[in-house]
Structure formats: C-alpha cells, structure tokens
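Architecture at a glance
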Amino acid sequence: METLPDIGPFRHRLEELSAQMAAPDFYSNPRSATEISREHQKLTELVDSYRRFKRLERERQEADILARDPASDASLRELAAAELPQLDRERAALSESILLAMIPPEATDSRNTVMELRAGTGGEEAALFAAEMTRMYQRYADDQGWKIQPMSSSPSERGGLKEVIFLITGTDVYRQLKFESGVHRVKRVPVTEANGRIHTSTVTVAVLPEAEEVDIHIDPQDLEISVTRASGPGGQGVNTTDSAVQIQHKPTGLIVYCADERSQIKNKAKAMTVLRSRLLKRKEDEEKAKYAAQRKNQIGSGDRSERIRTYHFLQNRVTDHRIGLTLYSLPQIMDGDLDTIIEALQRADFEQKLAALTGREYVPNRAPDADDEG
C-alpha cells in the first residue's frame with residue numbers, strides 16, 4: 001500500500017508559525033502577518049488532511065481484515081467487502097490532495113510577468129509571426145482579465161515585430177504563462193513567398209516574473225546608462241527629445257533599451273523593471289539548474305535552445321513537444337484560446353513534482369510527431 005512522505009517537517013513548520021503568531025508584535029508588520037497567517041492556514045489544513053488519511057487507512061485495514069475473516073459473520077464480511085472500494089476511492093483522492101499541498105508553491109507564481117518576444121530564424125516571416133503571437137497572448141490576457149502595459153518594441157518593414165516587451169499585471173499571471181518560455185516554431189507559406197513553398201521560422205519567448213526592488217539588489221555603480229534620441233516615425237513627439245534609455249548591467253552584460261515613452265524618467269523606470277526581472281529570472285534559473293542536474297526530464301525549464309511548440313498552418317495543428325500534446329484548432333489558439341495547452345502543461349508539471357516528492361521516475365509523454373521527421 002502506497003505511503004505518503006513524512007509529515008514531520010510540515011508539523012514542525014506549523015509549530016514555528018504558531019509561535020510567531022503568538023508573539024505580541026505579530027501584527028506590527030501587516031504584510032508579513034498576512035503571509036504567515038496564510039501559510040499557517042494551509043499547513044493546518046494539510047496536517048488535518050493527513051490525520052484523516054491515517055484514519056481512513058485504519059478503517060480500510062479493519063474492513064479488509066473483517067472481509068477476510070472466515071470466523072466472522074457472513075453478513076458482516078459482505079458489508080466490509082462492499083465498503084472497500086469506497087474507502088479506496090476516498091483514500092486515493094485524499095492522498096493526491098495531500099501530495100499537492102506538500103509540493104511547495106513557487107514564490108513567483110503570483111507575480112506579474114514581463115514577456116519578451118523576439119523574431120528568430122526566418123527573417124521577415126519570423127517578425128510577422130512574432131506580431132501574431134503578441135496578439136495571441138494579448139487576447140489570452142484580455143480573457144483572463146489581466147492588463148497589458150507596453151514596455152518596448154521594434155517593428156519590421158512589413159508590420160511585424162523584431163522584438164516586443166510588455167508587462168502583464170493580474171492574478172497569478174506568472175503561474176499561467178511561465179511554461180511559454182522557449183522557441184516557438186511556425187510552418188506555413190509566408191505572404192512573402194511567391195512559389196507557395198512552406199517555410200519554417202521561429203520566435204523566441206521569454207517569460208520573466210516581475211521583480212521587486214527587495215528581490216534583486218542592483219548597485220548603481222554596476223549600471224551604464226545612456227540616453228539617446230528615440231527612433232520612430234518622423235515628426236512624432238517622441239523624437240523631439242533625448243528620451244530613449246539604454247541600461248547595461250556590467251557584471252552580467254545584460255542590456256535593456258526602452259523608448260516607448262516621451263519621458264526619459266518613465267523610460268528609465270520601465271527599463272529598470274525589465275532589468276530586475278531578467279536578473280531575477282537568471283537567479284531562479286541558476287537555482288533550478290542545480291536541481292535539474294539530478295534528473296533528465298524537466299518541464300518549464302525555459303531553455304531557449306529547445307523547440308517547445310510547433311504551429312503548422314497547413315495541417316491546422318499545434319503540437320507542444322514537451323508533453324506530446326497535439327491540437328487541431330490552430331485558429332482558435334492563435335486567437336488566444338490557450339487554456340487547454342496551459343492546463344496540460346500545469347498537469348505535467350504537477351506530475352513531475354509529485355514523482356520527485358514520492359521518489360518515482362517521471363517519464364513525460366513525448367510521442368513522435370510529423371515535425372520530428374523534418
């Protein structure tokens with residue numbers, strides 16, 4: 001019979017939080033008090049569920065013993081045997097909810113998100129698809145009730161986007177979008193193709209949790225800030241002042257450029273938001289890399305060298321290669337209907353974490369598809 005991981009560490013943490021909540025000055029920091037109270041409530045529910053699970057186990061064992069006891073009354077044996085399937089179902093459901101509660105949430109899941117899309121291989125066609133993907137994510141954000149704030153963009157000659165950066169604010173934005181990081185591939189006949197041949201292009205997507213100043217300490221001495229005249233359509237107000245801001249973080253070599261606002265101060269603030277988010281993502285990736293080295297398969301690694309998804313227009317098909325998911329609803333997906341894909345990725349992530357928690361091997365569903373043939 002499958003057993004749950006040791007509840008001891010969770011009980012110990014609950015006792016620590018209870019002691020903190022009993023302190024006279026506990027509510028002197030409202031934000032900290034709210035976070036501790038929320039964690040205390042979740043751990044209390046976890047420990048209570050664990051007790052119910054142990055009680056169910058005892059009831060199941062007693063029913064099994066009674067059902068197998070030839071010396072007991074026949075009607076009691078029959079009643080006990082009839083209870084076993086229901087007890088097994090309750091036990092399985094409670095076990096999964098406990099395991100889910102034991103998996104620590106990522107601290108950045110509730111954060112707002114900076115999304116960066118860049119045209120990859122494919123020239124103008126890649127830039128056009130980057131613009132279509134931007135619209136796809138904006139439609140999805142609208143459906144979720146989130147808000148989008150443009151940060152920076154670089155248009156192409158035919159109306160595409162060489163690069164675009166925007167901030168999405170709302171509830172659990174990063175939790176929903178973090179698995180979009182990676183290389184997205186499109187296979188279709190471009191509008192620029194005169195002979196009807198299928199082209200393959202790529203767009204790189206980076207999903208960064210918005211960083212707060214307390215998350216990342218940036219030494220002003222490590223920054224090289226330059227101000228230039230913003231480029232754009234002639235005659236626009238944005239070109240009348242030196243408002244564009246470029247910030248280079250010297251220790252890492254990261255460079256951020258922002259020219260969307262007419263105000264130099266606003267552009268600098270936006271650039272710093274992007275820089276902090278990139279540094280936070282880099283810090284998180286370094287920590288995850290240490291853990292990922294111990295396992296071969298990983299969901300949501302954000303590895304940009306890995307092709308994560310293909311959009312095949314002639315076949316009306318979208319395939320996520322990480323989990324072997326194929327959907328024949330490309331127009332709806334490009335219109336922002338990403339729920340099925342995102343939910344499947346979240347489920348795979350849960351199963352992977354569950355396997356790590358219970359010591360089992362996780363094998364993702366990576367069934368071959370037509371894209372792997374060329």
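Every value quoted in this text rests on a predicted model; they were computed, and no experiment measured them.

Before going further, it helps to examine the pairing of strand β4 (residues 182-188). Within β4, seven of the seven residues are buried, which leaves it mostly tucked inside the rest of the structure. The sheet contact formed by β4 and strand β5 (residues 199-209) spans seven bridges and is antiparallel. Residue pairing in the sheet places Lys187 in a bridge with Thr200 of β5.

Attention now moves to the sheet that holds strand β11 (residues 325-327). Spatial strand order, β2-β3-β1-β5-β4-β9-β10-β11: eight strands in an open sheet with mixed pairing. Since the sheet does not close on itself, it has two edges, and those belong to β2 (147-155) and β11, each with one partner. Each strand axis lies, on average, 15 degrees off the axis of its neighbour in the sheet, ignoring direction. Most of the contacts of helix α8 (residues 339-358) go to β11, to which it runs at about 170 degrees, and overall it touches β9 (307-312), β10 (317-320) and β11.

What follows deals with a nonpolar patch on the surface. On the surface, Val189, Ile198 and Leu314 cluster together to form a nonpolar patch covering roughly 240 Å² of accessible area. Mapped onto the elements of the fold, Leu314 is located in the loop between β9 and β10.

Turning our eyes to something else, we now look at the layout of surface pockets. Considering only enclosed or pocket space, the largest pocket measures out at about 1300 Å³ in volume. The wall of the largest pocket is formed by 37 residues, among which Lys42, Ile103, Pro104, Pro105 and Glu106 lie closest to the centre. Elements with a minimum of two residues in the lining of the largest pocket: α2 (30-68), α3 (74-102) and α8. Ranked by residue count, the leading element in the lining of the largest pocket is α2, at ten residues. Its residues placed into classes, the lining of the largest pocket shows 14 nonpolar, five polar and 18 charged.

On to the sheet that holds strand β7 (residues 244-249), then. With respect to topology, three strands assemble into an open sheet ordered β6-β7-β8, the strand pairing being antiparallel. Of all strands in the sheet, those with a lone pairing partner are β6 (223-228) and β8 (254-258), marking the two edges. Going from strand to strand, the sheet's axes swing by 15 degrees on average, the running direction of each strand aside. Inspection of the sheet shows β6 paired to β7 by six bridges, in the antiparallel sense. In the sheet register, Ser226 faces β7, and the bridge partner there is Gln246.

Relative to the helices and strands, Leu325 resides in strand β11. Between the C-alpha atoms of Leu325 and Ile341, which are 16 residues apart in sequence, the distance is 7.8 Å. In this view, Leu325 contacts Val318, Thr319, Asp320, Thr340, Ile341 and Ala344; residues no more than four positions away in its chain are not counted.

A few words now on the packing of aromatic side chains. We describe a pair of aromatic rings using the distance from one ring centre to the other and the angle between the two ring planes. Under the criterion given, the structure shown has four aromatic pairs. Taking the centre distance of 4.8 Å and the plane angle of 80 degrees together, the rings of Phe26 and Tyr27 count as edge-to-face. Through pairs of rings, three or more aromatic residues link up here, namely Phe129, Tyr311 and Phe313. Above the plane of the ring of Phe313 lies Arg188, whose end atom (NZ or CZ) is 4.7 Å from the centre.

Okay, unusual backbone geometry next. The backbone of Asp172 shows a phi angle near 50 degrees, a positive value even though the residue is not glycine. Mapping Asp172 onto the fold places it in the loop between β3 (161-169) and α5 (173-177). The class for Asp172 is partly exposed, based on a relative accessible area of 26%. Phi at Asn316 is positive, roughly 55 degrees, even though this residue is not glycine. Tracing the sequence through the fold places Asn316 in the loop between β9 and β10. Of the residues examined, Asn316 reaches a relative accessible area of 30% and is grouped as partly exposed.

Across all of its chains, the model carries 24 salt bridges by this definition. With a shortest N-O distance of 2.8 Å, Asp88 and Arg60 are connected by a salt bridge. One end of the pair, Asp88, is in helix α3; the other, Arg60, is in helix α2, and 28 residues separate them in sequence. Classification of Asp88 as partly exposed rests on a relative accessible area of 31%. With a relative accessible area of 16%, Arg60 lands in the buried category. The salt bridge involving Asp172 is made with Arg175; its shortest N-O contact spans 3.7 Å.

Scored by pLDDT, the protein chain has a mean of 85; 87% of the residues are at 70 or more. Within the protein chain, the lowest mean pLDDT, 79, falls on helix α6 (residues 264-292), and the highest, 97, falls on helix α7 (residues 330-334). Residue range residues 233-240 is modelled with pLDDT below 50. Its contacts to residues more than four positions away, or to other chains, number 13 contacts. Low pLDDT, under 50, characterises residues 294-305; the stretch is placed with 30 contacts to residues that sit more than four places away or in other chains.

Our next topic: the packing of α2 against α3. Orientation of α2 relative to α3, taken along the N-to-C sense of each, is 155 degrees, at an axis distance of 8 Å. Viewed along their axes, α2 and α3 adopt a mutual orientation that is roughly antiparallel. Between α2 and α3 lies a crossing of left-handed hand. Each residue belonging to the contact of α2 with α3 can be placed in one class, and the counts come to 16 nonpolar, two polar and ten charged.

Basis of the calculations
- Residues numbered from 1 in each chain as written.
- Predicted model: local features only at pLDDT ≥ 70, side-chain atom pairs only at ≥ 80, totals over all residues.
- Heavy atoms only, no water.
- Buried < 20%, exposed > 50% of the residue type's maximum accessible area, 1.4 Å probe, protein only.
- Helix = DSSP H or I, 4+ residues; strand = E, 2+ residues; numbered from the N terminus.
- Pairing = 2+ DSSP bridges.
- Axes fitted to C-alpha atoms, helices over the stretch in contact; angles between N-to-C directions.
- Contact = heavy atoms within 4.5 Å.
- Patch = residues over 30% accessible without salt bridge, like charges linked within 9 Å, V, L, I, M, F, W, Y side chains within 5 Å.
- Areas by Shrake-Rupley, 256 points an atom, 1.4 Å probe, with all protein chains shown as cover.
- Salt bridge = Lys/Arg side-chain N within 4 Å of Asp/Glu carboxyl O.
- 1 Å grid on protein atoms, 1.4 Å probe; cavity = no way out; pocket = protein on both sides within 12 Å on 5 of 7 lines; lining within 4 Å.
- Points joined across faces, edges and corners; volume = space filled by probe spheres on them.
- Nonpolar A, V, L, I, M, F, W, Y, C, P; charged D, E, K, R; others polar.
- Phe/Tyr/Trp six-rings, centres within 6.5 Å; stacked < 30°, edge-to-face > 60°.
- Lys NZ or Arg CZ within 6 Å of the ring centre and 35° of its normal.
- pLDDT = per-residue confidence, 0-100.
- Parallel < 35°, antiparallel > 145°, perpendicular 65-115°, else oblique.
- Left-handed = near helix turned anticlockwise from the far one by under 90°.

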